[in-house]
Amino acid sequence: MILLLDQITKALALTHLTPGEPVNVIGSLLKFNLIRNPGAAFSLGTGYTPYISAVQITVAIGVVYLSRRLGSAGWAVAFGLLFGGAVGNIIDRIFREPSAFHGHVVDFLQTPHWAIFNVADMAVTSAAILLVIQTLRGVKLDGTREQRR
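Quick caveat: nothing in here was measured; it's all calculated off a predicted structure.

**Student:** I tried to follow unusual backbone geometry on my own but got confused; where do I start?
**Tutor:** In terms of backbone geometry, most residues other than glycine have negative phi values and most peptide bonds are trans. Of the consecutive residues Glu 97 and Pro 98, the connecting peptide bond is found in the cis state with omega at 15°. Along the chain, Pro 98 falls in the loop between helix 3 (73-95) and strand 3 (105-110). Even without being a glycine, Phe 101 presents a positive backbone phi close to 65°. Mapping Phe 101 onto the fold places it in the loop between helix 3 and strand 3. A positive phi angle, near 60°, is found at His 113, a position not held by glycine. Along the chain, His 113 turns up in the loop between strand 3 and helix 4 (119-136).

Below you can see the structure in the form of structure tokens.
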């Protein structure tokens, strides 16, 4: 679902938005502002796009591998968000200009004092929060809880 939503919203952004011409959606709280990001979050690592791609592919493969052991709904939701978000941005990096594994990610959501992002980024961030919560609660991948000492 995340992957589909991400790709649909990016296609809509590319069709209806013009770079450098932000559109207020909810006053200044939320704008649509189309950019193409060659780096990671906050446009960091703009010269390392192939390496960022490799990390994202590794994460997606790791999620698929670890998913076989899931017995917890919390971990399943977190892994689903992480997988959908990672693959959403991998698709951009592989298939978008300027070239394969150097492609720029389509970002279009802007809030005050924050980087411009997309649905995949929201999913990855939400997954990270859920992974931390599950870990702090002591819930293992198989759904059992760690014994507190």
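**Student:** Can you help me understand the nonpolar core in this one?
**Tutor:** Most often, soluble globular proteins have nonpolar side chains that are buried together. Residues Val 63, Trp 75, Ala 78, Phe 79, Leu 81, Leu 82, Ala 123, Ala 127, Leu 131, Val 139 and Leu 141 constitute the largest nonpolar core, which totals 11 residues. Mapped onto this core, the elements with two or more residues apiece are helix 3 and helix 4. Every residue in contact with Trp 75, bar those within four places of it in the chain, is listed here: Leu 70, Leu 131, Gln 134, Thr 135, Val 139, Lys 140 and Leu 141.

Conventions used here
Residues numbered from 1 in each chain as written. Predicted model: local features only at pLDDT ≥ 70, side-chain atom pairs only at ≥ 80, totals over all residues. Heavy atoms only, no water. Helix = DSSP H or I, 4+ residues; strand = E, 2+ residues; numbered from the N terminus. Core = buried A, V, L, I, M, F, W, Y, C linked by side-chain atoms within 4.5 Å. Buried < 20%, exposed > 50% of the residue type's maximum accessible area, 1.4 Å probe, protein only. Contact = heavy atoms within 4.5 Å.

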